[in-house]
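Commentary on secondary and tertiary structure
Residues per chain, in single letters:
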Amino acid sequence: MLSMHSHYQLNAISFGMVGVGTASPDTKLHLADSGNAYLTLESTDASTAYEAAIKYSNKDTSTSYWWEGLNQDAHFALAYGTTFTGGNTKFLITNGGNVGIGTSDSTISQKLYVAGSTYILNNLEVAGSTGVSGSLTSTGSFGRVDAQDGFYDAGTKITTADSFSDGTATTI
């Protein structure tokens, strides 16, 4: 057992557990404090933004890891793969508060940016105006749809400036 006694306390016990601020750690690394307890990972190179991250694995991840942290910039990312490179990023929060899913592009300007198909089980509510690039499909019902020349309540016909894929207006 390694024990350092002073204002700062570090204890390593024979079971392979390390305690900082505690004499009886419960896990491999146990941090304890009577106030706030923080774990700091800091890359201190003054010229290069290196990674500061935690990686997780178990028997099912094989040689890959789940990574979380700063991926060579000031943005927080979750990634999966053998390395923590931008191409493995699954989820990104920019330092401006924007969220990207399925993208490593830290220049996104939308509050929520989703790369790929999105399935919404229940309701999608949009306040303000929205644009659709590609297709918008509903297997349920629309309550009200705003179109270029006004809005249409449920049960009325709408026509777009172009047309639907089959060229007809649709009752919604």
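The rules behind each value
- Residues numbered from 1 in each chain as written.
- Predicted model: local features only at pLDDT ≥ 70, side-chain atom pairs only at ≥ 80, totals over all residues.
- Heavy atoms only, no water.
- Pairing = 2+ DSSP bridges.
- Helix = DSSP H or I, 4+ residues; strand = E, 2+ residues; numbered from the N terminus.
- Patch = residues over 30% accessible without salt bridge, like charges linked within 9 Å, V, L, I, M, F, W, Y side chains within 5 Å.
- Areas by Shrake-Rupley, 256 points an atom, 1.4 Å probe, with all protein chains shown as cover.
- Salt bridge = Lys/Arg side-chain N within 4 Å of Asp/Glu carboxyl O.
- Buried < 20%, exposed > 50% of the residue type's maximum accessible area, 1.4 Å probe, protein only.
- Core = buried A, V, L, I, M, F, W, Y, C linked by side-chain atoms within 4.5 Å.
- Contact = heavy atoms within 4.5 Å.
- pLDDT = per-residue confidence, 0-100.
- Axes fitted to C-alpha atoms, helices over the stretch in contact; angles between N-to-C directions.
- Phe/Tyr/Trp six-rings, centres within 6.5 Å; stacked < 30°, edge-to-face > 60°.
- Lys NZ or Arg CZ within 6 Å of the ring centre and 35° of its normal.

In this structure, strand E7 (residues 76–81) lies alongside strand E8 (residues 89–93), joined through 4 bridges in antiparallel fashion. Within E8, the residue paired with Ala 77 across the bridge is Leu 92. Note that E8 and strand E9 (residues 99–101) share 3 bridges and pair antiparallel. Across the sheet, Leu 92 pairs through a bridge with Gly 100, a residue of E9. If you look at the hairpin formed by E8 and E9, you'll find 5 residues sitting between the two strands, and Gly 97 has a positive phi there, around 95°.

Moving on, we come to a nonpolar patch on the surface. On the surface, Val 20, Leu 29, Leu 31, Leu 39, Leu 41, Ile 54, Tyr 56 and Trp 66 cluster together into a nonpolar patch covering about 700 Å² of accessible area. Take Leu 41: it is sitting in the loop between strand E4 (29–31) and strand E5 (52–56). The partly exposed category is assigned to Leu 41, whose relative accessible area is 44%.

Another point: the nonpolar core. The tendency in soluble globular proteins is for nonpolar side chains to be buried as a group. Counting residues in hydrophobic clusters, the biggest one holds 5 residues: Trp 67, Ala 77, Ala 79, Phe 84 and Leu 92. Once residues lying within four places of it in the same chain are set aside, the contact partners of Trp 67 are Ala 53, Ile 54, Lys 55, Ala 77, Leu 78, Ala 79, Gly 81, Thr 82, Thr 83 and Phe 84.

Across the protein, the average pLDDT comes to 78, with 67% of residues at or above 70. Across residues 156–172, where pLDDT falls below 50, the model places 22 contacts with residues more than four positions away in sequence or in other chains.

Attention shifts here to the sheet that holds E5. Strands pair in a sheet through their backbones, by hydrogen bonds, and they do so in one of two ways: parallel or antiparallel. Spatially, 6 strands are ordered E5-E6-E7-E8-E9-E10 in an open sheet, and the strand pairing comes out mixed. At either margin of the open sheet sits one strand with a lone partner, and together these are E5 and strand E10 (112–114). The sheet shows a mean angle of 15° between the axes of neighbouring strands, direction not considered.

What follows is about the pattern of salt bridges. Enumeration over the complete set of coordinates arrives at 1 salt bridge. As a salt-bridge pair, Lys 59 and Asp 60 come within 2.9 Å of each other at their nearest N and O atoms.

Here we come to the packing of aromatic side chains. Per the counting criterion, the structure on display carries 3 aromatic pairs. Taking the centre distance of 5.8 Å and the plane angle of 70° together, the rings of Tyr 65 and Trp 67 count as edge-to-face. Judged by centre distance (5.6 Å) and plane angle (5°), the rings of Trp 67 and Phe 84 are stacked. Residue Trp 67 is found in strand E6 (residues 65–70), and its partner Phe 84 is found in the loop between E7 and E8; the two are separated by 17 residues along the sequence. Classification of Phe 84 as buried rests on a relative accessible area of 1%. Connected via pairs of aromatic rings, a cluster forms that spans Tyr 65, Trp 67 and Phe 84. When the ring centre of Tyr 65 is taken as reference, the NZ or CZ atom of Lys 55 above it lies at 4.2 Å.

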